[in-house]
Amino acid sequence: PSASAAGHVGTWSVKLPGSQSVQLTLNDNRSFTWTATKQGKSSSFAGQYRMESGRLTLVRSSDLQQMAGSWTGQDASFTFKLDGATNSGLVFSRS
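Predicted model, so just to flag it, every value in this text is computed and none were measured. (Residues numbered from 1 in each chain as written. Predicted model: local features only at pLDDT ≥ 70, side-chain atom pairs only at ≥ 80, totals over all residues. Heavy atoms only, no water.)

Engineer: I'd love a proper account of the pairing of strand 4 (residues 41-52), names of residues and values included.
Structural biologist: With eight bridges joining them, strand 3 (residues 31-38) and strand 4 adopt antiparallel strand pairing. Each residue of the ladder has a partner; that of Thr35, found in strand 4, is Ser44. Taken together, strand 3 and the strand that follows it, strand 4, pair antiparallel across an intervening segment of two residues, in which Gln39 is found at a positive phi of about 50°. Here strand 4 runs beside strand 5 (residues 55-60); their pairing, made up of six bridges, is antiparallel. Within strand 5, the position partnered with Met51 by the bridge is Leu56. (Pairing = 2+ DSSP bridges. Helix = DSSP H or I, 4+ residues; strand = E, 2+ residues; numbered from the N terminus.)

Engineer: If you had to explain the pairing of strand 7 (residues 77-82) to someone new, which residues and values would you point to?
Structural biologist: Relative to strand 7, strand 6 (residues 66-73) runs antiparallel, the two sharing five bridges. Bridge pairing in strand 7 places Ser70 opposite Lys81. Counted along the chain from strand 6 to the antiparallel partner strand 7, the turn is three residues long. With four bridges connecting them, strand 7 and strand 8 (residues 90-94) associate as antiparallel partners.

Engineer: An account of the nonpolar core is requested, with residue identities and associated values reported.
Structural biologist: Generally speaking, nonpolar side chains in soluble globular proteins are found buried as a group. By size, the foremost hydrophobic cluster in this structure holds 16 residues, and its most contacted members are Leu24, Leu26, Phe32, Trp34, Leu58, Phe80 and Phe92. If one sorts the elements of this core by residue count, strand 2 (residues 20-26) sits on top with three residues. Those residues in contact with Leu26, other than ones at most four positions away along the chain, are His8, Val9, Gly10, Trp12, Ser31, Phe32, Tyr49, Leu58 and Trp71. (Core = buried A, V, L, I, M, F, W, Y, C linked by side-chain atoms within 4.5 Å. Buried < 20%, exposed > 50% of the residue type's maximum accessible area, 1.4 Å probe, protein only. Contact = heavy atoms within 4.5 Å.)

Engineer: Can you lay out the sheet that holds strand 5 for me, pointing to particular residues and giving the numbers?
Structural biologist: Reading around the circumference, 1-2-3-4-5-6-7-8 is the order of the eight strands in this closed barrel, with antiparallel pairing throughout. Across the sheet, the axes of successive neighbouring strands diverge by a mean angle of 30°, strand direction being ignored. Of the strand pairs in this sheet, strand 2 and strand 3 are connected by seven bridges, and their pairing is antiparallel. Across the sheet, the residue bridging to Gln20 is Lys38, located in strand 3. (Axes fitted to C-alpha atoms, helices over the stretch in contact; angles between N-to-C directions.)

Engineer: Explain the side chain of His8 residue by residue, including any values.
Structural biologist: Looking at where His8 falls in the secondary structure, it is placed in the loop between helix 1 (3-6) and strand 1 (10-16). Engagement of the side chain of His8 in a polar contact is seen with the side chain of Tyr49, the distance being 3.1 Å. If near-sequence neighbours (up to four positions away) are discounted, His8 is found in contact with Leu26, Tyr49, Met51 and Trp71. (Polar contact = N/O pair within 3.5 Å; in protein donor to acceptor, adjacent residues only side chain to side chain.)

From the geometry alone we can't say anything about function, so treat these as descriptive.
Here it is, written out as structure tokens:
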């Protein structure tokens with residue numbers, strides 16, 4: 001991976017209110033897995049991602065649905081704010 005790619009590759013997680021969490025794994029081949037857990041039950045999807053100009057776009061393999069937003073962060077954590085979101089975004093930490 002290039003130097004710019006290496007910083008975001010890895011497994012990231014965020015804890016949410018109500019016994020919820022999200023784990024996001026970004027691989028150096030541009031594939032990803034997103035796993036959401038709520039009260040002990042997990043669901044996940046996978047696909048390809050694109051990282052460019054401070055933006056992260058996730059494209060789900062099953063139906064090509066996109067999640068896109070801004071990526072702000074360093075090596076240990078980042079904030080992913082979806083386009084159109086009214087909240088401050090999800091703050092992921094390296095797992």
